[in-house]
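Listed below, chain by chain, are the residues.
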Amino acid sequence: MLATTSTLTVARTVDELRAAVDAAKSAGLSVGFVPTMGALHEGHQTLVREAAKDHAAVVISIFVNPSQFNDASDLENYPRTEAADFERAAAAGATIAFAPSCDEIYPAGFATTISAGAVAEQLEGAHRPGHFDGMATVVARLLGLVRADVAYFGRKDAQQLAVIEQFVRDLVIPTRIQGVETVREADGLAMSSRNMRLAQADRQRALALSRGLFAAQRLADGGEHSARALETAVQVELDAAALPTDYATLVDAATFLPVDVLDRECVLAVAAHVGPVRLIDNIRLAPASV
Ligand code: AMP
């Protein structure tokens, strides 16, 4: 049975999702899709609003995918706020929420893993073994189930977006992939479900990530081209806040391979530990026009 909260149809099983998507499609509605792991915040709601601008049917999935967690305590402590998620999804314009059990996503006999190649090897790929394979596999399955016209992903997870663009292109998956700008708190902190696990003092220290990225942005706008100088601008802030750093690295925006010089569209990406919480952030940088 499909449960309905206000305008939101909640599907718990693959069959219920199929029925809901089929109903939308046979009514001639175009379908937008926003995959999430729940604990919804304004960043997720922005993706849903973007989808709702262009599609009468908007599917949001809420599934904490075990296979993309390389750290058992990160998975165990990942926030779960389903009732509030349904409210927020509906308020932002979602019409269908897919909130499946693990067995629905990984039924007996499930055996395939997607591996996206070089773009998945640096940065997050190097620090979280198996993460991108797990993410790509579940996103491919979700794209196949939802059959959306367009799926929306945040640039907050820039490398994730690049990995998805790679396998969607390679496997000729017929859903268009749309990136959406990072949504930040007023003080600059990139919104993240993990932020709710930050202790009050750590919440302040977490600002070092965005502060460092914005400092690098100002340097790049002023003509700085050296990757070392831009990365150091981030590292200085992380060190000042005593945050252990996994990386603060300038990479090519398409390949995610490290670069020495900002001579094309790049991403300056950072990952650091704030107490027990690991946070990531990034900005896009292009050479200053002369
Ligand atoms: P998650 O629930 O963390 O897996 O994120 C689900 C989707 O929301 C992904 O496409 C993320 O990139 C996106 N997202 C998460 N945080 C933000 C943010 N602060 N701004 C924009 N998109 C975001």
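Every value quoted in this text rests on a predicted model; they were computed, and no experiment measured them. (Residues numbered from 1 in each chain as written. Predicted model: local features only at pLDDT ≥ 70, side-chain atom pairs only at ≥ 80, totals over all residues. Heavy atoms only, no water.)

Student: Let's hear about the site of the ligand: which residues, and what values?
Tutor: What surrounds the ligand is a group of 17 residues, the closest being Met37, Gly154, Asp157, Val183 and Met191. The contact in question runs from an oxygen atom of the ligand to an N or O atom on the backbone of Met37, over 2.9 Å. In the complex, the protein chains occlude 93% of the 480 Å² of accessible area that the ligand would expose alone. Of all the secondary-structure elements, those providing two or more residues to the shell around the ligand are β3 (31-36), α2 (42-54) and β6 (150-154). The greatest single-element share of the shell around the ligand, amounting to three residues, is contributed by α2. Of the residues belonging to the shell around the ligand, the class tally is seven nonpolar, seven polar and three charged. (Near = heavy atom within 4 Å. Polar contact = N/O pair within 3.5 Å; in protein donor to acceptor, adjacent residues only side chain to side chain. Areas by Shrake-Rupley, 256 points an atom, 1.4 Å probe, with all protein chains shown as cover. Helix = DSSP H or I, 4+ residues; strand = E, 2+ residues; numbered from the N terminus. Nonpolar A, V, L, I, M, F, W, Y, C, P; charged D, E, K, R; others polar.)

Student: Describe the packing of aromatic side chains, and please don't skip the residues or the numbers.
Tutor: One pass over the full model with this rule turns up three aromatic pairs. Both rings, one in Phe69 and one in Tyr78, keep their centres 5.6 Å apart while their planes meet at 75°; by these two values the pair is edge-to-face. Note on accessibility: Phe69 and Tyr78 belong to one class, buried. Counting every residue linked through ring pairs, the aromatic cluster contains Phe63, Tyr106 and Phe110. (Phe/Tyr/Trp six-rings, centres within 6.5 Å; stacked < 30°, edge-to-face > 60°. Buried < 20%, exposed > 50% of the residue type's maximum accessible area, 1.4 Å probe, protein only.)

Student: Please give an account of the sheet that holds strand β8 (residues 245-252) that cites residues and values.
Tutor: The three strands lie next to each other as β8-β9-β10, forming an open sheet whose pairing is antiparallel. The sheet is open, and its two edges are formed by β8 and β10 (277-285), each paired on a single side. The sheet shows a mean angle of 10° between the axes of neighbouring strands, direction not considered. As judged from the seven bridges shared by β8 and strand β9 (residues 266-274), these two strands associate in the antiparallel manner. Bridge pairing in β9 links Ala248 to Val270. Across the sheet, helix α10 (residues 207-221) is in contact with β9 and β10; its angle to β10 comes to roughly 15°. (Pairing = 2+ DSSP bridges. Axes fitted to C-alpha atoms, helices over the stretch in contact; angles between N-to-C directions. Contact = heavy atoms within 4.5 Å.)

Student: I'd love a proper account of α10, names of residues and values included.
Tutor: An ideal rise of 1.5 Å per residue puts 21 Å on 15 residues; α10 measures up with 21 Å between its terminal C-alpha atoms. Buried within α10 we find Leu207, Ala208, Leu209, Ser210, Gly212, Leu213, Ala215, Ala216 and Ala220. Phi turns positive, to about 105°, at Gly223, one or two residues after α10. (Expected span 1.5 Å × (residues − 1).)

Student: Report on the environment of Ala72, specifying residues and quantitative values.
Tutor: The topology assignment puts Ala72 in helix α3 (residues 72-77). According to the relative accessible area criterion, Ala72 is exposed, its value standing at 61%. In sequence terms Ala72 and Ile283 are 211 residues apart; their C-alpha atoms lie 29 Å from each other.

Student: Give a detailed account of empty space enclosed by the protein, specifying residues and quantitative values.
Tutor: Applying the stated criterion across every chain, the model contains one cavity of 30 Å³ or more. Volume-wise, the largest cavity comes out at about 50 Å³. Lining the largest cavity are Lys156, Leu189, Ala190, Asn195, Leu209, Ser210, Leu279, Ile280 and Asp281. For the lining of the largest cavity, the elements supplying multiple residues, two or more each, are α10 and β10. Examining the composition of the lining of the largest cavity, we find that three residues originate from one element, β10, more than from any other. (1 Å grid on protein atoms, 1.4 Å probe; cavity = no way out; pocket = protein on both sides within 12 Å on 5 of 7 lines; lining within 4 Å. Points joined across faces, edges and corners; volume = space filled by probe spheres on them.)

Student: Any details on the layout of surface pockets? Residues and values, ideally.
Tutor: Looking at the second largest pocket, its volume works out to about 170 Å³. Lining the second largest pocket are 13 residues, with Ala158, Ala162, Glu165, Ala253 and Arg284 positioned closest to its centre. Those elements that provide at least two residues to the lining of the second largest pocket are α8 (158-170) and β10. Take the lining of the second largest pocket: its biggest share by element is six residues, from α8. Residues belonging to the lining of the second largest pocket are distributed by class as follows: seven nonpolar, two polar and four charged. Among the domains, domain 1 (3-180) and domain 2 (193-283) are the pair contributing at least three residues each to the lining of the second largest pocket. (Domains from an automatic or database assignment.)

Student: Can you lay out the pattern of salt bridges for me, pointing to particular residues and giving the numbers?
Tutor: According to the stated counting rule, one finds 19 salt bridges in the structure shown. For Glu50, the salt bridge identified is with Lys53, shortest N-O distance 2.8 Å. Highlighted residues: Glu50 and Lys53, both in helix α2, separated by three residues, approximately one helical turn. Taking the relative accessible area as the measure of exposure, Lys53 reaches 61% and is therefore exposed. As a salt-bridge pair, Asp74 and Arg194 come within 2.9 Å of each other at their nearest N and O atoms. (Salt bridge = Lys/Arg side-chain N within 4 Å of Asp/Glu carboxyl O.)

Student: Would you mind going over the pairing of β10 in detail, with residue names and values included?
Tutor: Burial analysis of β10 places eight of its nine residues in the buried class, which makes it a mostly covered element. Note: β9 against β10, nine bridges, orientation antiparallel. Along β10, the bridge assignment pairs Val267 with Arg284. Hairpin connection of β9 to β10: two residues between the antiparallel strands, including Gly275 at a positive phi of 60°.

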